[in-house]
Structure formats: structure tokens, C-alpha cells
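What follows is the residue order along each chain.
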Protein chains: 2
Amino acid sequence: MSKHQRIMAGTLSETNVNESVLLKGWVQKRRDLGGLIFIDLRDASGTVQIVFNPDHSQTALEIAETVRSEYVVEVEGTVVKRDASTINPNMKTGEIEVIVSAITVLNKAKTPPFAIQDKAETSEDLRLTYRYLDLRRQPLQDTFKLRHQITQAVRHFLNEQHFLEMETPILTKSTPEGARDYLVPSRVHKGEFYALPQSPQLFKQLIMMGGFEKYYQIARCFRDEDLRADRQPEFTQIDIETSFLTSDEIMQLTEQMMQYVMKEVKGIDISLPLKRMPYEEAMARYGSDKPDTRFGMELIHVADIVKNSNFKVFQSTIESGGLVALLNVKQQATAFSRKDIDKLTEFVKVYGAKGLAWFKVEGAELKGPIAKFISEEEKTALLEAAQAEDGDLLLFVADKTNIVYDSLGALRLKLGKELGLIDQSAFHFLWVTDWPLLEYDEEQGRYFAAHHPFTSPVAADREKLDTEPENVKANAYDLVLNGYELGGGSIRIHQTELQQEMFKVLGFSETDAREQFGFLLEALEYGAPPHGGVALGLDRIVMLLAGRTNLRDTILFPKTASASDLLTNAPSEVDKTQLDELSIQLISHKEDKAADK
Amino acid sequence: MSKHQRIMAGTLSETNVNESVLLKGWVQKRRDLGGLIFIDLRDASGTVQIVFNPDHSQTALEIAETVRSEYVVEVEGTVVKRDASTINPNMKTGEIEVIVSAITVLNKAKTPPFAIQDKAETSEDLRLTYRYLDLRRQPLQDTFKLRHQITQAVRHFLNEQHFLEMETPILTKSTPEGARDYLVPSRVHKGEFYALPQSPQLFKQLIMMGGFEKYYQIARCFRDEDLRADRQPEFTQIDIETSFLTSDEIMQLTEQMMQYVMKEVKGIDISLPLKRMPYEEAMARYGSDKPDTRFGMELIHVADIVKNSNFKVFQSTIESGGLVALLNVKQQATAFSRKDIDKLTEFVKVYGAKGLAWFKVEGAELKGPIAKFISEEEKTALLEAAQAEDGDLLLFVADKTNIVYDSLGALRLKLGKELGLIDQSAFHFLWVTDWPLLEYDEEQGRYFAAHHPFTSPVAADREKLDTEPENVKANAYDLVLNGYELGGGSIRIHQTELQQEMFKVLGFSETDAREQFGFLLEALEYGAPPHGGVALGLDRIVMLLAGRTNLRDTILFPKTASASDLLTNAPSEVDKTQLDELSIQLISHKEDKAADK
């Protein structure tokens, strides 16, 4: 019956009226009405209403009586304009319908475990088990079209800039910092393992040493760690590396790329240059290294005002080197009961805060349990610092620096969301710069690379690496969007001596450094160019641009929080013969189970 | 010194004369001549000659005296036209040179273990160990530019056809046919394993069941098998799947894509439709399922002529169901001595042939050791069948069918190459169709899927699946270029019953089928559309279009034949603590070694 070429359902419109068409797709919905049958026929382009009328084809009508939701059918028919009364303004093709002359059932379908509709009303586990059904829902169809558009826009932009897309290995070397590496036993080299890459970091640096000056890759990365809602064992990053560019030039390139993507896929103009904020400023103002700048309610630092306060908590905190800061929750004094505030106190305790001090502003007065400890002078200064007015609620944390930042940063986000302070249609990009190069780990008594061990210090701090490593700034930058870290990058170390010094600061013996990174140290000796780059999380970009909140919705076949694929049931046990071939065996009772198979 | 923007060395020409330029790159070669220093400065775009002249800058000259090959430098200077006598016509920028006013050394370089020049004159192992140096050579730079162009052309073509690029998982489920799976132990689910995908086959089928009708991916695939020169443990394929298309439509799409790629990256017009040849014809005419059709010298079947021959080998072979076929090596009778022919005999023995019978044609006579067994009538018929003329050499194999094909097919290729019969600039594409669906394995006493268990039989053979599986043809097609299989595809099974029957023919119990492929069988029940696709090996396409013969030259960081990365030294031993976390341990002495670390 295919004398016509197939036409896509979603493309039909009034211009097709009177045309004979061939359609293929899924039965979205069937309605029997007054001797007629109406079916919403769905294909990858959209949906159209097809009508079975005994006057046109009794045979077709009889077949139509047998079809159910998700049957796959092929129909021939004629496009007609709908009566004014039956036009469906909520449907793109709602002005027309197709009167069917013939239908063939291409495949049947059992009743799906959940309806294929825009709004998911069933558990995520069930949807992941039947992912192929979940994917038929329009919001997911749209998300993966968007994902495609984003990656193609990225490629288009970078291709125009003469970047080469290149593929780095997935079977790579395990590194000592690789506690989170997925390992792959080798069959040929028994007892040895490959590791799946956490990022193509070293390979992209080697590409620069290979004389390619502009590399990119939409790269799959792997991390075997405890999963959170916004983490997946495998994820995708837009991975970029360049030679001879400065950090300013790389940031410029990156933001031009994001500007192009936003324009291409969202039709939104982003003005450049993007705002930049030093790490310390971001922490001080937002209590976060990835501040959501779509709304205010910044942290207000009042240690200077309350350092001699009769409220001893303030005083002692400041004396022991801590901070006192507050959020001014505008015009919410009456909205928050004591009980509400108790809940907020519980919330900040999760972040280590000992408590939450608070005042309600009434007129020019502070009310609340600790108001009595605040002097007139302090009150005036606090009101001014907080730009507080009648009806405002002031929430204080006095604690160690990082606890003040963590707790007030989180509280700010929570209140921003709950009070509707965030413009959900806005896209606020921000560069966070001037990162510390190293972090000291008290427990292990050594420094760790804040980013990775190949990040270069800023030139001005080069000499401090030996003497005061904690004060060395990295030549690094992170890109933040709406409070999410999209990714970041840095200028890399391109000189052997500096890389060796860095390894030393990180506690590597010379032997260890050579054993683990000998190939890098050697490569740096053969004319390595100055180089640097950036890596942005594609999944997260898709999530934010699609307006979604669950990272799993942006990944075609995602894994659960326990890293399982519910659809195919991976991971799974394997035959003992397979393990024998790899010269490995299972420890404990699991071994016997595998042996029994 | 960067008041100018950097300009790329390879882009300079006469149009830049008198311009001040800033260049950055590598010292390709330094020559000191009459008080001047000449350096070929190389960057990713090409090379330009820069000149240090004491009249311009004594300081720059002095620095230039210290630089060596592969130093990374930044120079400022003025473009000048060369004297007519010093113009270098072999250099793209040979009409001009840059008189340097200032130079900065950005990084030093030790003397490389091999020279960075077009022709590699050192062992491949050494070049792989210093892959970043090898990559600086122009032929490799060109190959990866070509690879980029090919992938972008593929994407452009498919995007225009409304395909969506989608990412399938790398951490997947191991399958029972998965003897070649790379396994990845799970940390969360101890005793269980993921497998790296040998192809995204099932996922792309599930994508079709997810209602996306046109999918593609430049997909990384993995196969843990004994490696040959043209195999790598990880490789990349252009992976395509569509719903509702026929095999003809998929072949048409694929060849249009290849036509577009050839035009875009090679400027070569390929005329469509591509030739098609049934599998059996390819075997009979070329002794190969991937014939190189750039030259003739086809197999000539002469069993009918020699079936009663006095040469008993011919007779008995035919009686026991074997074949007798010959190659006519035109005008090579005198060029091949007995010793030469003995060598060819040794060659075919590798393919299982018991021997190589031969005649030289002299006038209208056959000469050679077995000529006396050939009757006058047979001689005439042979000469006619072979279209033999004075001076031709006829080489016969009489043996089992597959041995005749394998040995003469290989001999044909060998002679075609050695005698220069192949037009190296030609690109001969060919579809091989009508493949058998199943292959019988004598040893294991069961059928195996010739392609994979999800390939559908042609409709006409559907009924034979139960009764005479060996005669069932697959709805499958392979694309061949110049004797290399680029890849292939098929229409997949989209109905549960047929898939179940297929598993049964392959010897799966119902339980096994459910356990291993339950999710597929179930997915087929929920409205799976008719679907099919194709997968082409990107590495091989790059190799052929780049005119290279080593697959490793097309992969950025390839592994050796024993699956090692000589640059980073992967695979390698890992800490016992890492294995403990995965609840696995090594078998045998290797365990102790790891424990000692």
C-alpha cells in the first residue's frame, strides 16, 4: 500500500488538505464515537488525528476496532479540514484530520505499565525499567532533541574556530589518585588493569604536546563514587584544550561558545563579557563557590559590629577566628512563626551550624529572644548594614568560616526557592576565578590539588609554592549557571620543573611521581607548548537549558543512584569461566554463586 | 611583546609582505649560514622560514643561537619577499620569510629520540612510546584533520536528514555471547560486573522502541580479542538506526552519506546507486565476501571441464563435492619461474590448499608438469573459459569450496598488489547482500548468527527458519570499499515470536533467552516499530581515505597488538586496596605481587 512516500504526522497542516498521505506511527489514543473511530497517531514529529468512517472503508474501521494504545500502524488516507467546531487549538495539527482508507497493523502492543503522556505519574524506577516507553513521552523526546541541538551548536562553533574533534582512549591507565577509577581487568596482561577515564585531562594535554593547538571532544567520563541525585557513573563533558592562549582568551572563547549555544537553541541573547567574581568574593557574598546570582539576599558580614556584643556567642566566635553573618529575608517577619524558624535552625544544623540567631524588625526595633543582648549602637549599625526595614527577618549564623558559608549559602538557596525570589526564566552565567591551588587535608596531613595536579599557579604566586602553598592562587576558572557549576578549566603546567615541584608539594616522592606520571614529566621536556583548556558538563547544561531538575532526564539510558541499569539489569553476575580468563576471582560468598552458574 | 595578535605560520603569503607579525610555534630546523640564522618555524597550520640577522637584532640572533629542534618560541618580525634565488617552491610559504626583531623561548626541548619529519624512520614501538612527538609529523597531523572532516561531514549529512545524535551507555550488561566483553567490576554491587559494549546494537534498537525514528552516534566500541594489525581493543563506528525504512532505503541513505563524505573531504564524485552483489556471487567470483573490485583476475570455475580429467586430483575433488577454479595471471608466464610458483604454492597452503596446479600458455598450448594429463578437449575448453592467450599463467586450486575461495581469493589479492594491477587512486564501493542468516558450527554442533541474533530473515525465507535454517537468507547488507569491509547492517527482528524462534534456533533455552534478553523480548511486546540500521567502521574509513595501511595511524592514542598503551603504560598493576574495594582478587602469583605494593 506504499504508493505514496511516508509523510510525518506532525508536519501536516491546512496546506495538505485534499492530499493522499501515508502515515506510520503509534496509536496514542483511540476514541470510538457515534460509529466512527478517532485515533491520535503519533510519530517522532508529533501527532495527528486520523478518522475511521464506515462510509470510507468498512475494512479499515474493523481493523481500527482491534487496535489499542501503542500499536504500530501504517495508514493511508486523505487530509481534510476539520469542522470549525472540532478544531483543536491545543494540537499543532488541530486544524485538520486524516480520513483513513486503509490501515495495516505493523506491530501490536500490550497495555503499557504506565500511560505515555506528558506528565509522568508513576515511580521513576518503573519508568527506568521501561525506559523505552518513558522515552516516548513528549518532554523526553524534546529533551533529547535539545541535547542534540546543543551538541551540534557546540561543534559548529568550535569547528568554525578551527578546532579539531579528537577521540581519546577509554581504556586508560589507573592513577594513584584514582580511588574513584572504574577498573577493567586485562585478559592479555593478566593481573593488570585499565582504568576508565575520569576525564581526558592528561590525553588532551598530550594532544597539545602533539602539536594540535585546538582540540575538543564531547567526551564520556566515568567516576565510581557514591552517587547523588545529580551524579551519574558515566557522564559527558564538552572537553576543550588549546595551546598558546591565556586564561582570558580561553574564558572569552568559552563564553562565546555558550552565547552561541544559547542563541541557537534557546533564542536567548547573552551579553558578553560574562561577569567574573573571585572565589573569595563568591564565598563571602553568597556562601557558595557557585553562586546563584538570579536573586539577591546576599550574606551580610557583621563581625565588626557585634564583636563586643553582650551576646557571648557572637563575641566568642569572633575571638576564635570565626564569622558572624546574616541574611535579610525581606518582609517575611510575620510570615515566619517561631516554629518555622525552628525548622530553619534544624536545616542549618545539617551544615554544621550550632544554631540560628534571629531578629524580626518591627519599626526600627529588633525583636526576638536575643534582642535584649544587643546594644542600641549595635542595633543601629546592624539595621544599616542589613538595609533592614520594618517587617524584615534577619537570620544569623556565628560559626567557623566554612560553616557560616555552607549553612547560610544553603539557607539562602532554600529561602530563595521557597519564597519565589528566583526568576525561573533567567540564565545567569558567572565566572568564578582566583581559586586556591591547593587544599590542606587535616586528616591526611598533606595538601591536595584543589582542581587537579596539572593546574598552574598564577605567575605572581609561583615563588610561594614552596614557602606558603596555602596562599597560592591557581590560574583556574569555573563557569557557573544559575547556581550550578557547569565546569571549569585552567592554564596547565607546561614546564617539567614546576610540575615536579607541584608533585612534591602534593607529597609524591620523586620515585612515585616518575612511576605514575613519568610519561607526562618526560613529555614536558620535549617542547611542550603553554596550554590550557576547559571542560563543561554537557548533561548539566542540557538539564538547565531544558528546564529540568533531574540529571537522569538528560541521559538516554541513565543509571539509578546505586549505579544500576534497571532496563537491562546491569551490572550482573558473570560466568566463572570469564573470570578465569581474566585471572581474577571473587572474594567471599559471591564467588560460590558465580561458580554455580 | 604581544602587541600584535598571533598569526598562523602556514597562512603567511606574499599578501602579508611588510606586515609586522607575531608567531608562536616549534623550531622545526635551524641552519646557521654566513652570520645569519634560519629557522623553519612550525605551528599547527604549517611552516614558515624566519631569519635572524644581526643588522635587525643582535639580541634576537644571540637567543636564536641557543635554540634547538622542538624548542617552543614566540617571535616578532616583519614579512619580506624572498629573493628570487631563495624562493622555495616546495614550501607553501616559500615565497616569503620573516625577519625577526624579537624572540622569546617559551619552552626548551631535549633532543627528540627521532626526527619530526614526514617519513617515519624509526620503530613503531618507539614512536608509540613518544606518541606526542610522532603526532607532530605532518602525515599524522593531516590524518587527524581528515578524521575530523570525515566525522563532521557524516554529522552534517545526517543532521540534514533529521537524525538525532544520541549517546548510549559504556557501562552495559554482559551477554552470554560476550566472550569478548571487557568486564568492569562494580564497587556498589559486589561480585557483579558491567561490560563495555561491543556495539550499541541493543541500545539503538531500544531507541527505536523509544519512538526516536532516526538515531546516529559516532560510537566507541570495545572487543577483548586477539588483536591483528587491523584491530584495536577500542574502535569507533558510525552507528545508525532508523524506524520504518526498508533495507533498500537504508542502503540508499548510507551510500548517499558516503557520497557526501567523499565529495566533501576528497573532492571525489561517487556515482550512485552503488553496485550490489549477492554474497554467493562475491565468493564465487572473488573468493571473498569483501571483494576488491578495483581489478579483475576473477576466479574461473572449471569443475565442469575437468570433472573427468585424467588428473586425478581434479576428478576426486569434484567427486567429493569440491571445486576446481583458476586465476588467469595475464602475460606473466615467463615472469614466474618454477621457484616463484613454488612460493605461491606455499602461500596458498597457509589457507589450507593442498597444492597449486599451474600451466603456462604457449601459443595455444598448455605447458607445465601436469599438462600431460589434460586432454585436447579439456585444453580447448580451459583456454576458452580462462580467455587465455599466449604468455598467460594459469593457477589452479582444487579443494573444498571454502578452501578454494580462501586460497584463490588471497592469491588474487597478493598478485593484484604485486603486479601493480590496482589503481591506488580509485575508490570502489560495493554492497554485498543476501547473506546467510546462520552459520553452523561443526565443533559446537549448533547454529550461530552470522551477523547477530537480532538480524531478521528475508520475508521469503521466514518459514524455513524452523526446517532448513542453513538456507535462510538474512535481510542484511555489508558495505565494502577497495576490499575492506567498512561495515554493514540489517533489518532487525521487531516481533517477539520471531525473536524467540531465533533464540531457539541458536540453541537458547527459553529460560536462558529470558534471563539474558528478557528486556528485549519484553520491549518487542510494547509496540516495537519495524527498524533497521547500519554501522560503519570509522577508523577504517579514515585509513582508506587517508591512503594509509596501518589502522593505528588513524587512532590518536592507539594500543599495540598486545593491547598495551606504550605511552602511559596501560594496563598496569593496581593497589590491593582497590581490588579489595571491588571484592576481587588475583589468581596465582600475580596476587602476591599486587599485595606487596
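Residues numbered from 1 in each chain as written. Chains lettered and ligands numbered in written order. Predicted model: local features only at pLDDT ≥ 70, side-chain atom pairs only at ≥ 80, totals over all residues. Heavy atoms only, no water.

A. Quick peek at the domain arrangement of chain A. Domain parsing of chain A yields domain 1 (9-107), domain 2 (141-170 + 197-277 + 430-553) and domain 3 (295-422). Computed from C-alpha atoms alone, the centre-to-centre distance between domain 2 of chain A and domain 3 of chain A is 36 Å. (Domains from an automatic or database assignment.)

B. Main features of the UniProt feature "binding site: ATP" (unreviewed entry) in chain A. All names here are of chain A. Mapped onto the present numbering, the UniProt feature "binding site: ATP" (unreviewed entry) falls on Arg 223, Asp 224, Glu 225, Gln 232, Glu 485, Gly 537, Leu 538, Asp 539 and Arg 540. Those annotated residues from the list above that line the second largest cavity are Asp 539. For Asp 539, the location among the structural elements is in helix 16 (residues 538-545). Asp 539 gets classed as buried once you look at its relative accessible area, which sits at 4%. (UniProt positions renumbered as here; feature names shortened; annotations may be inferred. 1 Å grid on protein atoms, 1.4 Å probe; cavity = no way out; pocket = protein on both sides within 12 Å on 5 of 7 lines; lining within 4 Å. Helix = DSSP H or I, 4+ residues; strand = E, 2+ residues; numbered from the N terminus. Buried < 20%, exposed > 50% of the residue type's maximum accessible area, 1.4 Å probe, protein only.)

C. The arrangement of the pattern of salt bridges in detail. If you walk through the whole model with that rule in mind, you get 92 salt bridges over all chains. Asp134(B) is paired through a salt bridge with Arg127(B); the nearest N and O atoms lie 3.2 Å apart. An identical accessibility class is assigned to Asp134(B) and Arg127(B); each is buried. Among the ionic pairs, Glu234(B) bridges to Lys559(B), the shortest N-O distance being 3.1 Å. In this pair, Glu234(B) sits in strand 10 (residues 234-243) while Lys559(B) sits in the loop between helix 16 (538-545) and helix 17 (576-581), placing the two residues 325 residues apart along the sequence. On the accessibility criterion, Glu234(B) (8% relative accessible area) is buried. Connected via shared salt-bridge partners are Arg147(A), Arg220(A), Glu234(A), Asp539(A), Lys559(A) and Glu167(B). (Salt bridge = Lys/Arg side-chain N within 4 Å of Asp/Glu carboxyl O.)

D. Region of the structure containing the interface of chain B and chain A. Each partner contributes to the interface: chain B provides 118 residues, whereas chain A provides 117 residues. For the chain B and chain A pair, buried surface summed over both sides reaches about 10,400 Å², with 58% attributable to carbon and sulfur atoms. If you sort the residues of chain B by the area they bury against chain A, Tyr132(B), Glu167(B) and Tyr526(B) come out on top, with a joint share of 8%. Counting across the interface, chain B meets chain A through twelve salt bridges. A salt bridge links Arg6(A) to Glu213(B), with the nearest nitrogen and oxygen atoms 2.7 Å apart. At the boundary of chain B and chain A, one finds 66 residue pairs in polar contact (both at pLDDT 80 or more). Among the elements that make up the side of chain B that touches chain A, the one with the highest residue count is helix 4 (residues 138-160) of chain B (ten residues). By residue class, the composition of the side of chain B that touches chain A is 58 nonpolar, 31 polar and 29 charged. Alignment of strand 23 (residues 584-586) of chain A against strand 23 (residues 584-586) of chain B, held across three bridges, turns out to be antiparallel. Opposite Ile584(A), over in strand 23 of chain B, you have Leu586(B) as the bridge partner. (Contact = heavy atoms within 4.5 Å. Buried area = accessible area lost by both parts, 1.4 Å probe. Polar contact = N/O pair within 3.5 Å; in protein donor to acceptor, adjacent residues only side chain to side chain. Nonpolar A, V, L, I, M, F, W, Y, C, P; charged D, E, K, R; others polar. Pairing = 2+ DSSP bridges.)

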